[in-house]
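Structural overview for review
One-letter residues, chain by chain:
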Amino acid sequence: MTAIVADMRNKLNGSVFSRNRGGAYIRTKVTPINPQTAAQVQARSLLTSLSQGFRSLSQAQITAWNAATPSWTSTDIFGDSIVPTGLALYVRLNANITNAGGTLIVLPPLPVGADAVEDISLASDVSSNTYTLTFLPAAVPANHTMYVEATQLLSPGVNNANSKFRFIAAIAAAGTSPANLFADYTAKFGGLYAGQKSFVRAKFINKVTGEMSLALKAQTIVTA
């Protein structure tokens with residue numbers, strides 16, 4: 001930086017400016033490829049449907065969503081506070097509610113949070129056809145759904161799989177631990193193979209407000 005410019009954040013043309021523990025840095029903005037998978041098409045269809053749903057609300061309902069946005073401020077990856085638009089808030093909360101199997105809301109809720117996932121572990125075995133998620137609390141709380149994502153089988157040396165998670169299962173309220181997700185996993189990724197690694201990520205979604213808990217991760221090496 002210079003004597004005039006003390007800090008820079010966000011995008012400028014093809015560059016991204018940010019800061020980490022080592023100080024300010026600049027990197028090239030990368031646009032990911034678009035494979036147009038069935039899951040991506042379904043997700044985009046949901047967002048389009050919700051956007052159209054917002055425009056069909058009454059003026060009083062739209063005004064309520066716009067007025068509620070200061071209560072839903074978040075922080076982006078650059079550390080800046082972001083206040084969503086009424087449309088963005090409506091779409092975000094209702095997308096979460098849809099993913100949790102809940103009923104769409106037409107008025108903004110007060111933020112009350114979602115129950116926390118306290119702990120998870122994962123075990124998998126080829127011979128017993130198991131891909132078992134153990135979690136605490138030992139039953140999914142009322143008005144919540146556990147949203148579970150996993151990765152395909154990876155080399156045992158892979159330690160970061162954040163970009164590879166895909167949805168595999170939703171465990172409804174009162175669903176208990178442990179949960180054998182073998183059928184869900186193999187329907188998404190195919191069979192298990194001994195010696196390979198897989199990661200899982202789980203969070204609770206509040207079906208009433210659309211809020212999500214922090215996600216916890218676990219991993220397994222498939223046994224024979």
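See the structure above.
In this text the structure is predicted, and so the values were computed from the model without any measurement.

**Focus on the pattern of salt bridges**
A side chain with one charge may pair with a side chain of the opposite charge, provided their charged atoms come close. Enumeration over the complete set of coordinates arrives at one salt bridge. The salt bridge involving Glu149 is made with Arg201; its shortest N-O contact spans 3.0 Å. A residue pair is termed long-range when its members are at least 10 positions apart, and Glu149 in strand S8 (residues 144-150) and Arg201 in strand S11 (residues 197-206) qualify at 52 residues.

**Focus on helix H2 (residues 59-68)**
Side chains three or four residues apart in an α-helix point the same way, a direct result of the helix having 3.6 residues per turn. Among the residues of H2, Ile62, Trp65 and Ala68 are the ones counted as buried. In a view along the axis of H2, the buried residues occupy a sector of 130°, so they form one face of it. Residues of H2 that are exposed and point over 90 degrees away from its buried face: Gln59, Ala60 and Ala67. Where H2 is buried, its residues touch helix H1 (38-55) and helix H3 (86-99).

**Some words on the environment of Ala60**
Considering the arrangement of structural elements, one finds Ala60 in helix H2. Residue Ala60 is classed as exposed on the basis of its relative accessible area of 59%. Between the alpha carbons of Ala60 and Leu107 there is a distance of 9.4 Å; along the sequence they are 47 residues apart.

**Concerning the pairing of S11**
Among the ten residues that make up S11, ten are buried, leaving the element largely enclosed by the rest of the structure. Going residue by residue along S11, you find Lys197, Phe199, Arg201, Lys203 and Ile205 tucked away on one face and Ser198, Val200, Ala202, Phe204 and Asn206 tucked away on the opposite face as well. Bridging between S8 and S11 involves seven bridges; their strand directions are antiparallel. Bridging from a neighbouring strand, Thr145 pairs with Ile205 of S11. One ladder, built from six bridges, connects S11 with strand S12 (residues 216-221); its direction is antiparallel. Its bridge partner lying in S12, Lys197 is registered against Ile221.

**Here's the deal with H1**
For H1, spanning 18 residues, the distance from its first C-alpha to its last is 26 Å, which sits close to the expected 26 Å at 1.5 Å a residue. For H1, the full list of buried residues reads Leu50, Ser51, Gly53 and Phe54. Relative to the axis of H1, the buried residues are bounded by an arc of 160° and lie together on one face. Away from its buried face, by an angle of more than 90 degrees, H1 presents the exposed residues Ala38, Gln42 and Arg55.

**Observations concerning the layout of surface pockets**
Put simply, the largest pocket is a space of about 700 Å³. Around the largest pocket, the lining comprises 18 residues; the ones closest to its centre are Ala39, Gln40, Ala43, Tyr147 and Phe167. Taken together, the elements giving at least two residues each to the lining of the largest pocket come down to H1, H3, S8 and strand S9 (166-171). Per element, the largest residue contribution to the lining of the largest pocket is six residues, and it comes from H1.

Cut-offs applied
- Residues numbered from 1 in each chain as written.
- Predicted model: local features only at pLDDT ≥ 70, side-chain atom pairs only at ≥ 80, totals over all residues.
- Heavy atoms only, no water.
- Salt bridge = Lys/Arg side-chain N within 4 Å of Asp/Glu carboxyl O.
- Helix = DSSP H or I, 4+ residues; strand = E, 2+ residues; numbered from the N terminus.
- Buried < 20%, exposed > 50% of the residue type's maximum accessible area, 1.4 Å probe, protein only.
- Arc of directions from axis to C-beta.
- Contact = heavy atoms within 4.5 Å.
- Pairing = 2+ DSSP bridges.
- Expected span 1.5 Å × (residues − 1).
- 1 Å grid on protein atoms, 1.4 Å probe; cavity = no way out; pocket = protein on both sides within 12 Å on 5 of 7 lines; lining within 4 Å.
- Points joined across faces, edges and corners; volume = space filled by probe spheres on them.

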